[in-house]
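# An overview of the molecular structure
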Amino acid sequence: MRSAATILHLDLDAFFAAVEQRDKPSLRGKPVVVGGGGPRGVVATASYEARVFGVRSAMPGTEARRKCPHAAFLGGRFEAYRQSSQVVMALLAEVSPAVEPLSLDEAFVDLALSHWDPARLAHNVAELRAELTRRTGGLTASVGVGTSKFVAKVASEAAKPDGARIIAPGEELDFIVDLPVRAIPGVGPVTETRLQAIGMHTVADLRRSSRDELVRELGKASGEGLSGLAFARDDRSVQAEREAKSISTEDTFPTDIKERAELEVILRRDAAHVAKRIRATGVFARTVGIKVRMGDFTTVSKARSVGGATDREEAISAIAIDLLSEVDVRAGVRLLGVAASNFVQSAQEQLFEDEAPPPAETLTTSEVDTSGVRGRGWFPGADVEHPEFGRGWVWGSGLGRVTVRFETRDSGPGPVRTFSTEDPALQPTQELPALP
Ligand code: TTP
Ligand code: MG
């Protein structure tokens, strides 16, 4: 057990929705729901203004519309979320070399390795949150600090939204006593049901039971783990990510490409780019993959093991082109990318035939972006550009028309105009303005 509160947990508030409100001034202070478009889509997240009406993550979009019909329902803009996430993770890396990202909007930081003065912890946390808001152009984060990952995470949850909570050593037991068992790391729906069946609903209930009883009910590892966590005993360390998991490059095209030969030229160029970056990192990839997004936003990802390990452009492009041959491109490709992953430190491994992974094994995953897409580039929330009116976003579309609100992060609420979807002056755009 740590004797000092040195684990920090940070989680952005209503992340996707907050990015949308930042980039669309007319939606600030209003209910915003991201995701949940299409007949079977589910909500990715909702702004706190929409949560008041009961809208939650993972709720079917149809239910969210019933609960909050006046909310803005938007498709996701993942590049924008990734851009902000990178800014946040880079900021955390300035605090400590040990940062463990859990998702795009959440990370643990080991403060024992930071230059922060423990006597000024509250001040430093406040500074960190303010700096995050500055660098992201207006996002907010909640922060928890404690002697363990468990306590820090519960503390940031308790601080939400836009708050901070520091649990001093010795305060942990009181702080977690009323938590439902589900809030304990490792307790999923199955364990929760089992615990409830024996009358254990909160951390306090767990503390009253014996460790043997929990072991009998859940098995040795879970039972002992849980009995420790009930007393805030959690010595998990922050696992800093030291290496990239994959190196990739991808392009979105101004118009969909149907010619296979043209796509192959692009794959070769991408493979050269990826190979160069692999060599710069000094590793070798065992897996090569491609990502193909069609004009209707259907996305196919395919990956294959190299049958050894490589950093060579020819090997990567050969596999990428072969993988593309399995994809029907006649409907037109909107985005194409190449990725290398599964890195090892030496290419020698390919000498040991018996250790090589089975060759020519192809993994295919298909996903359909259901986030309210109604045709190329015109989903609600999508970025567009017009030579006369500037940048804006799709408010809605249908019957051959698209309605756009022209505003940006720095413009203040802007005017609305309607166009024909065939209007050549109106163009979807992927380019993101740099953050401040
Ligand atoms: P969360 O941190 O769980 O949620 P949040 O940031 O929207 O809201 P808060 O932290 O203030 O409670 O998830 C981060 C992002 O991940 C969220 O903005 C959208 C995405 N997400 C999904 O796409 N599907 C989901 O089921 C969940 C929970 C999140
Ligand atoms: Mg969050």
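Residues numbered from 1 in each chain as written. Chains lettered and ligands numbered in written order. Predicted model: local features only at pLDDT ≥ 70, side-chain atom pairs only at ≥ 80, totals over all residues. Heavy atoms only, no water.

### So, the coordination of the magnesium ion (ligand 2)
In plain terms, the rule: Coordinating N, O and S atoms are those within 2.8 Å of the metal (3.2 Å for Na, K and Ca), and as water is not part of the atoms, a site may appear to have fewer donors than expected. In this scheme the shape depends on donor count and angles: four donors with every angle between 85 and 135 degrees give tetrahedral, four or six donors with opposite pairs above 155 degrees and others between 65 and 115 give square planar or octahedral in turn, and any other case is irregular.
Bound to the magnesium ion (ligand 2) on the protein side are Asp 11 (OD), Leu 12 (O) and Asp 105 (OD), at distances that span 2.0 to 2.3 Å. Around the magnesium ion (ligand 2) sit six donor atoms; with metal-centred angles ranging over 79 to 178 degrees, the donor geometry is octahedral. Coordination of the magnesium ion (ligand 2) draws on donor residues from a single chain, spaced D-L-x92-D in sequence.

### Let's talk about the pattern of salt bridges
Our working rule: Criterion for a salt bridge: a side-chain nitrogen of Lys or Arg within 4 Å of a carboxyl oxygen of Asp or Glu. Segments assigned H or I by DSSP are reported as helices when at least four residues long, segments assigned E as strands when at least two residues long, and all are numbered from the N terminus.
Applying the stated criterion to the full structure yields 29 salt bridges. Between Arg 134 and Glu 131 there is a salt bridge whose closest N-O contact spans 2.8 Å. Of this pair, Arg 134 and Glu 131 are both found in helix H5 (residues 121-135), three residues apart, which corresponds to roughly one turn of the helix. Across the salt bridge formed by Arg 304 and Glu 326, the nearest N and O atoms sit 2.8 Å from each other. With Arg 304 in strand S11 (residues 298-310) and Glu 326 in the loop between helix H13 (313-324) and strand S12 (333-344), this residue pair connects regions lying 22 residues apart in the sequence. Members of the salt-bridge network, linked through shared partners, are Glu 20, Arg 22, Asp 23, Lys 24, Arg 77, Asp 383 and Arg 391.

### Quick notes on the UniProt feature "site: Substrate discrimination" (unreviewed entry) in the chain
Rule in force here: UniProt positions are given in the numbering used here, feature names are shortened, and annotations may be inferred rather than shown by experiment. Contacts are assigned to residue pairs that have any heavy atoms within 4.5 Å of one another.
In this structure's numbering, the residues bearing the UniProt feature "site: Substrate discrimination" (unreviewed entry) are Phe 16. By the element assignment, Phe 16 lies in helix H1 (residues 15-23). Once residues lying within four places of it in the same chain are set aside, the contact partners of Phe 16 are Val 34, Ala 44, Thr 45, Phe 78 and Tyr 81.

### Quick notes on the site of ligand 1
The following threshold applies: Any residue with a non-hydrogen atom lying within 4 Å of a molecule or strand is treated as near it. Nitrogen and oxygen atoms within 3.5 Å of one another constitute a polar contact, given that in protein one can donate a hydrogen and the other can accept it, and given that sequence-neighbouring residues count only through two side-chain atoms.
Among the 13 residues in the neighbourhood of ligand 1, the closest are listed as Ala 14, Thr 45, Tyr 48, Arg 51 and Asp 105. Measuring from an oxygen atom of ligand 1, one finds a backbone N or O atom of Leu 12 at 3.1 Å. One nitrogen or oxygen atom from the side chain of Thr 45 is found 2.5 Å from an oxygen atom belonging to ligand 1. Elements with a contribution of two residues or more to the shell around ligand 1: strand S1 (7-12), H1, strand S3 (43-46) and helix H2 (48-51).

### Observations regarding the pairing of strand S16 (residues 401-405)
Rule in force here: We call two strands paired when DSSP finds no fewer than two bridges between them.
When strand S15 (residues 390-398) meets S16, the two strands line up antiparallel, connected through five bridges. When the bridges of S16 are listed, Gly 396 appears paired with Thr 403. Hairpin connection between S15 and S16: a loop of two residues separates the two successive antiparallel strands, and Leu 399 in this loop has a positive phi of roughly 50 degrees. Relative to strand S17 (residues 416-420), S16 is paired through five bridges, and the arrangement is antiparallel. Residue pairing in the sheet places Arg 401 in a bridge with Ser 420 of S17.

### Describing the sheet that holds S16
With antiparallel pairing, the five strands of this open sheet are ordered in space as S17-S16-S15-S14-S18. Only two strands of the sheet have a single partner each, and these edge strands are S17 and strand S18 (427-428).

### Remarks on the domain arrangement of the chain
Where we set the bar: All the domain ranges listed were derived from an automatic or database domain assignment.
Along its sequence, the chain is carved into domain 1 (1-167), domain 2 (177-229), domain 3 (246-369) and domain 4 (383-428). Each of domain 1 and domain 3 has a C-alpha centre, and the two are 32 Å apart.

### A look at the side chain of His 386
Put simply, the rule is: Partly exposed residues are those whose accessible area sits between 20% and 50% of the maximum for their type, while under 20% is buried and over 50% is exposed, using a 1.4 Å probe and protein chains only.
Its location among the elements puts His 386 in strand S14 (residues 383-386). Relative accessible area serves as the criterion here: at 9%, His 386 is assigned to the buried category. Polar contacts involving the side chain of His 386 include one to the main-chain amide nitrogen of Glu 388, which spans 3.0 Å. At 3.3 Å, the side chain of His 386 forms a polar contact with the backbone nitrogen of Phe 389. His 386 has contacts with Phe 406, Phe 419, Ala 425 and Leu 426, leaving out every residue within four places of it along the chain.

### As for the sheet that holds strand S7 (residues 141-146)
Hydrogen bonds along the backbone pair up the strands of a sheet, which may run parallel or antiparallel. The condition is simple: To get an axis, fit a line to the C-alpha atoms, keeping to the stretch in contact for a helix; angles then go from 0 to 180 degrees between the N-to-C directions.
The strand order across the open sheet built from five strands is S5-S6-S1-S7-S8, with neighbouring strands paired in mixed fashion. On the outer flanks of this sheet lie strand S5 (99-103) and strand S8 (164-166), each paired with one strand and no other. Direction aside, the axes of adjacent strands within the sheet are offset by 15 degrees on average. Alignment of S1 against strand S6 (residues 106-110), held across five bridges, turns out to be antiparallel. If you follow Leu 8 over to S6, its bridge partner there is Val 109.

### Some remarks on the packing of H1 against helix H4 (residues 78-95)
Worth spelling out the cut-off: Throughout this description, any angle smaller than 35 degrees is read as roughly parallel, any larger than 145 degrees as roughly antiparallel, any in the 65 to 115 degree range as roughly perpendicular, and the remainder as oblique. Each residue is assigned to one of three groups, with Ala, Val, Leu, Ile, Met, Phe, Trp, Tyr, Cys and Pro labelled nonpolar, Asp, Glu, Lys and Arg labelled charged, and all others, Gly among them, labelled polar.
H4 packs onto H1 with a crossing angle of 100 degrees between their chain directions and a minimal axis gap of 10 Å. By the criterion of interaxial angle, the relationship of H1 to H4 is roughly perpendicular. Contact residues: H1 offers Phe 15, Phe 16, Val 19, Glu 20, Arg 22 and Asp 23, while H4 offers Phe 78, Ala 80, Tyr 81, Ser 84 and Ser 85. Here the residues of the contact of H1 with H4 are counted per class, giving six nonpolar, two polar and three charged.

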